[in-house]
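Descriptive structure summary
Listed below, chain by chain, are the residues.
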Amino acid sequence: MALLPMLLLVSSPALLAQTVNPLEGDPRAAFAGGALFRAQCATCHGADAKGISSIDAPDLTLMWSQRQLSAQDVFDTIRNGIAGSIMPPHDFTDTEIWMLVSHLQNVAVAGVIGLPDGDAANGQRLFARHCAECHRVRGEGGSLGPDLSTITARRSLESLLISVRDPSALIAPGYKPLTVITGSGETVQGVLKSEDAFSLQMMDSNQRLRGFRKQQLRSLERPQQSLMPVFSESLLGQQELIDILNFLDRN
Amino acid sequence: MKHILDRLYKVSRNAVCASVLMVSAAASAQSGPDYDDILAGFADPERWLTYSGDYSGKRHSPLTQITPDNVDQLRPVWTFQTGTTTRGRGFETTPLADDGILYVTGSNNYAWAIDARSGRAFWSYRRNLPSDLTYGASAPVNRGFGMLGDRLFMVTLDAHLMAFDRRSGDVLWERELADYQVGYSATLAPLVLDNKVIVGISGGEYRTRGFIDAFDPVSGERLWRFNTIPGPGEPGSETWPDDPEILASGGGGTWMNGSYDPELDLLYWGVGNPNPDYYGDLRPGDNLYSNSLVALDPDTGELQWHYQFTPHDLNDWDSNHMPVLADIDWKGEPRKVVMVGNRNGFFYVLDRVTGELLLGKPFTATTWAREIGEDGRPIVLNDGSQGCVPDPWGSTNFMPPTFYPGLDLFILTARETCATFIPEVPANTPGQSNFGGTVHIDAEQGSGALRALDVHTGELVWEFTYPSPTFGGVLSTASGLVFAGDHEGNFMAFNAETGENLWHYQTGSRIWGAAAMTFMLDGRQMVLIASGTTLTAFALPE
């Protein structure tokens, strides 16, 4: 059995309290972990580990960059489950759990790789001028768009360029555009935060949270166009955008 | 009565106009309440901006749509399920309301912005808590947000203060209050003053030293700290043994909200038990400022006066209660008073300018003491080692009481219990609870009641009894109503003058530590109560 040497390795007492994965970098471990994941975890987290929101199973490819997680934290979560949720405890061997951790490390979103050099200080100024009205970075800025403090760890360079040049191509969840006309004739534009059959919850373009009962609305439209303006190269040059990304990557 | 109602109606109409204006002014940049708005308390009927609704801690709303005549029509409009439970304790929050949105904290440091019209969340937050919480593990509760402008403030079970953006729920900053691994935790609703966020700390069951902190709401910088247990040589240290180690771990938590008098510019805050809780031989003396009410200068945190309710406490009777501020007629003279219904079984009225004791009278059958001596100290008859005194949860606890002006009634939840305390030498281990003994509670002898006391005499005016010692808080409204919750899960309305029960609704879980709040929404008076894992909104039929 090919796994035996690894088993011996992780059960040696000196390695009992790990914050790093003892199998890290071993491609066989990540491969075996992937098989285990698809068999044991995919019904809830999806085969791609990107989560299933209708059952509150989170995207496991993003967790590493969203919070400061150690391999040991993830190991503990898989072993113990999460009390009060449907995330079950798993009575696997340590080796099997480390293999799952390897797999999750492997599928973790890598973020921006190979960012061209830029002037982060200039990027900060440009961000303040063009973006901060809607986006927050390290506690400062607006709320209409997502907090961008960790964006370069969560998204690839290519997809970030698309987000800025052509925002409507890929609209972040929780930011779907919405236009309603209220009973009193007021037109309200914004992004949809939540809805049920009878009510909707949105943030309007003035960054005010508003709740409506649908029966009291005159109209409700769901435009395909993002509330984020298109930043063409004439508005924001390629090097300027790279500067902004350098500023964001500093966080 | 009629002209009072007319006046109230005018006030609320003006306030509605004002809020319409505010909305259009804000069309360019919507921002939340500032200090003056919080200071104005209940002036805007559509808002509830701080834990008690205003700084005075009366929890008395001027709203009058729901009356003793129509309250039996009250019905649930929606419920919100938190999905996070604290079996053994409660869902203790008071939501804040502004612009049709509710800002709500839950157990285990969950939090939400909720659409008041539908009960649906705009955003939710859950803190990733460490698995080795200390005191926070045994009381994983939270009592609410503080709010200023677009910022919300919440304390955490691992003893941090956090600031959020109220629109998105994004975290703006967080600061450590103290090391949770020693035993610290935090559960109260931050109190927002002018450019200050005031918080207190939990963990007096551990080897901790209590404090009250003030933070800058924008930068998160700590502005001052008041230590509730003095350092060696400081005033008050003479009430302790001359031992820095004992002082450094003397307890004195500050885990319940305080109140504020803007005219006197004084902050009023209750202080908890000394540590160890039941074993006093290691800490001879009064143990200031444990079990006291302290009045602080909010700019510096300096102590202005104190009154100790339970000197040298041996029964875990923390004095962490909402201090209730009112201006009343006292023996023919106008007087600024602060009132406290205490865990030790006494109701107190103090002059809040000087701290002078005006009245101290038992409101339960406590045998610990029956009177306060000339010197302002209780005449202790039974320290709890000789049978039956109130249990460590006390004759009442932190669940908010209400003061009904005009009727001059202080209405609180009273607990009749019977406990014997058996002190033992404690182990004094940091990171572990350090009660110093055990308690035997005679469960057969427990009962509860909602009691209305005449604040001039401390006499019982009316009561409504419950089958078990209860932990629900109280709200009153100017239409002559009192809302309260009990341990069996009932949310109830009473006639404030007579105590007659007018309405009840079974929420399905005990109402524990929470008190109701109320506000106007689209012309309709809403009343909200937290219970179990559920927040329920009530209103009259449309």
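**A look at the overall build of chain B**
The secondary structure content of chain B amounts to four helices and 37 strands. In terms of overall dimensions, chain B has a C-alpha envelope of 60 × 50 × 45 Å along the principal axes. A burial count over chain B gives 64% of its 542 residues as buried. A sequence separation of at least 24 residues applies to 60% of the contacts in chain B between residues at least 6 apart. The centroid of the 37 positive side-chain charges in chain B is displaced by 5 Å from the centroid of its 67 negative side-chain charges.

**Remarks on the packing of aromatic side chains**
Any aromatic ring pair is given by two values, namely how distant the centres are and how the planes are angled relative to each other. Residue and element names in this part refer to chain B. As enumerated under the stated definition, the model contains 39 aromatic pairs over all chains in all. Centre to centre, the rings of W255 and F398 are 5.5 Å apart; their planes meet at 80°, and the pair counts as edge-to-face. One end of the pair, W255, is in the loop between α4 (244-248) and β15 (259-261); the other, F398, is in the loop between β24 (378-380) and β25 (402-404), with 143 residues separating them in the sequence. For the ring pair Y278 and F421, a centre distance of 5.3 Å and an interplane angle of 75° mean the geometry is edge-to-face. Here Y278 is found in the loop between β16 (266-270) and β17 (292-296), whereas its partner F421 is found in strand β27 (residues 419-423), with 143 residues between them in sequence. Of the two residues, Y278 and F421, neither departs from the other in class, the shared state being buried. Taken together, the ring pairs connect Y307, F309, W317, F346, Y348 and W368 into an aromatic cluster. Between the NZ or CZ atom of R143 and the centre of the ring of F398, over which it lies, the distance is 4.3 Å. Sitting above the plane of the F211 ring, R225 keeps its charged end 3.5 Å from the centroid.

**Let's talk about helix α2 (residues 27-40) of chain A**
Here α2(A) contains 14 residues, and its C-alpha end-to-end distance of 20 Å stays within 8% of the 20 Å for a straight helix at 1.5 Å per residue. Among the residues making up α2(A), those that are buried are A29(A), A30(A), G33(A), G34(A), L36(A) and F37(A).

**Some details on the pattern of salt bridges**
Applying the stated rule across the entire model yields 38 salt bridges over all chains. Across the salt bridge formed by D99(B) and R208(A), the nearest N and O atoms sit 2.7 Å from each other. Of the two residues, D99(B) is situated in the loop between β3 (96-98) and β4 (101-105) and R208(A) in the loop between β5 (199-204) and β6 (209-213); the pairing between them involves two chains. Take D99(B) and R208(A): they sit in the same class, and that class is buried.

**Quick look at helix α7 (residues 120-130) of chain A**
Residue and element names in this part refer to chain A. By the burial criterion, the buried members of α7 are A120, G123, L126 and F127. The arc enclosing the buried residues of α7, seen along the axis, measures out at 110°, which places them on a common side. Counted as exposed and oriented over 90 degrees from the buried face of α7: R125, A128 and R129. The inward-facing, buried residues of α7 abut β1 (136-137) and α10 (238-249). Residue D119 occupies the N-cap position of α7, its side-chain oxygen lying 3.1 Å from the main-chain nitrogen of A121.

**Some points on the domain arrangement of chain A**
We note that the domain assignment places domain 1 (19-107), domain 2 (120-167 + 228-249) and domain 3 (176-221) within chain A. On a C-alpha basis, the centroid separation for the pair domain 1 of chain A and domain 3 of chain A is 38 Å.

**Some details on the interface of chain A and chain B**
In this complex, chain A contributes 23 residues to the contact, which on the side of chain B involves 24 residues. For the chain A and chain B pair, buried surface summed over both sides reaches about 2000 Å², with 44% attributable to carbon and sulfur atoms. Counting the surface chain A buries against chain B, the share from its top three residues, R208(A), L209(A) and R213(A), is 32%. Summed over the shared surface of chain A and chain B, the number is five salt bridges. In this structure, R213(A) and E542(B) form a salt bridge, with 3.4 Å as the shortest nitrogen-oxygen distance. At the junction of chain A and chain B, the tally comes to 13 residue pairs in polar contact (both at pLDDT 80 or more).

**Considerations on unusual backbone geometry**
All names here are of chain B. A cis amide bond links N275 to the next residue, P276, at an omega of -5°. Looking at the secondary structure, you find P276 in the loop between β16 and β17. That bond from L288 to Y289 is cis: its omega, 0°, falls within 30 degrees of zero. The phi torsion at D99 lies on the positive side, around 55°, for a residue other than glycine. Positioned with a positive phi, A159 is a non-glycine residue whose angle comes to about 60°. Within the element layout of this structure, A159 appears in the loop between β8 (151-155) and β9 (160-165).

**A short note on the sheet that holds β15(B)**
All names here are of chain B. Pairing within the open sheet is antiparallel, and its four strands lie in the order β15-β16-β17-β18. The outermost strands of the open sheet, each flanked by one partner alone, are β15 and β18 (303-308). Across the sheet, the mean angle from the axis of one strand to that of its neighbour is 20°, orientation sign disregarded. Across four bridges, the pairing between β16 and β17 is antiparallel. Along β17, the bridge assignment pairs G270 with L293.

**Here's the deal with the packing of helix α5 (residues 71-80) of chain A against helix α6 (residues 94-107) of chain A**
All names here are of chain A. Relative orientation of the contacting elements α5 and α6 amounts to 120°, with a least axis distance of 10 Å. Of the possible angle classes, the one that applies to α5 and α6 is oblique. The handedness of the crossing between α5 and α6 comes out as right-handed. Together, A71, Q72, V74, F75, I78 and R79 of α5 and D94, I97, W98, L100, V101, L104 and Q105 of α6 make up the contact between the two elements. Of the residues contributing to the contact of α5 with α6, the split by class is nine nonpolar, two polar and two charged.

**Focus: the sheet that holds strand β20 (residues 333-341) of chain B**
Residues and elements named next belong to chain B. Taken together, four strands build an open sheet; the order of strands is β19-β20-β21-β22 and the sheet is antiparallel. Each edge of the open sheet is held by one strand with a lone partner, namely β19 (324-330) and β22 (357-362). Recorded for the sheet is a direction-independent mean angle of 25° between the axes of neighbouring strands. In this sheet, β22 lies alongside strand β21 (residues 346-351) in antiparallel orientation, the contact comprising five bridges. Within β22, the residue paired with V349 across the bridge is L359.

**Some words on the state of the cysteines**
As enumerated under the stated definition, the model contains one disulfide over all chains in all. Residue C388(B) pairs covalently with C418(B) via a disulfide, S to S 1.9 Å. Between C388(B) and C418(B) the sulfur-sulfur dihedral comes to about -120°; the bridge is accordingly left-handed. Residue C388(B) is found in the loop between β24 and β25, and its partner C418(B) is found in the loop between β26 (409-416) and β27; the two are separated by 30 residues along the sequence. Left unpaired, C44(A) is separated from the closest cysteine sulfur, that of C41(A), by 8.7 Å.

**Quick notes on the pairing of β26(B)**
Every other side chain in a regular strand lies on the same face of the sheet, so the side chains alternate between the two faces. All names here are of chain B. Where burial is concerned, most of β26 is hidden: eight out of the eight residues are buried. Residues L409, I411, T413 and R415 line one face of β26 and the alternating positions F410, L412, A414 and E416 line the opposite face, and both faces are buried. What sits between the antiparallel neighbours β25 and β26 is a turn of four residues, in which G406 has the positive phi angle 85°. As judged from the eight bridges shared by β26 and strand β29 (residues 447-454), these two strands associate in the antiparallel manner.

**Digging into the pairing of β16(B)**
Residues and elements named next belong to chain B. Among the five residues in β16, five count as buried, and that is most of the element. Across the two faces of β16 the burial is the same, with L266, Y268 and G270 and L267 and W269 all buried. Between the end of β15 and the start of β16, which pair antiparallel, lie four residues, with D265 showing a positive phi angle near 50°.

So, how was this worked out
- Residues numbered from 1 in each chain as written.
- Chains lettered and ligands numbered in written order.
- Predicted model: local features only at pLDDT ≥ 70, side-chain atom pairs only at ≥ 80, totals over all residues.
- Heavy atoms only, no water.
- Helix = DSSP H or I, 4+ residues; strand = E, 2+ residues; numbered from the N terminus.
- Buried < 20%, exposed > 50% of the residue type's maximum accessible area, 1.4 Å probe, protein only.
- Contact = heavy atoms within 4.5 Å.
- Lys, Arg positive; Asp, Glu negative; His and termini not counted.
- Charge placed at Lys NZ, Arg CZ, Asp CG, Glu CD.
- Phe/Tyr/Trp six-rings, centres within 6.5 Å; stacked < 30°, edge-to-face > 60°.
- Lys NZ or Arg CZ within 6 Å of the ring centre and 35° of its normal.
- Expected span 1.5 Å × (residues − 1).
- Salt bridge = Lys/Arg side-chain N within 4 Å of Asp/Glu carboxyl O.
- Arc of directions from axis to C-beta.
- Polar contact = N/O pair within 3.5 Å; in protein donor to acceptor, adjacent residues only side chain to side chain.
- Domains from an automatic or database assignment.
- Buried area = accessible area lost by both parts, 1.4 Å probe.
- Pairing = 2+ DSSP bridges.
- Axes fitted to C-alpha atoms, helices over the stretch in contact; angles between N-to-C directions.
- Parallel < 35°, antiparallel > 145°, perpendicular 65-115°, else oblique.
- Left-handed = near helix turned anticlockwise from the far one by under 90°.
- Nonpolar A, V, L, I, M, F, W, Y, C, P; charged D, E, K, R; others polar.
- Disulfide = S-S within 2.5 Å.

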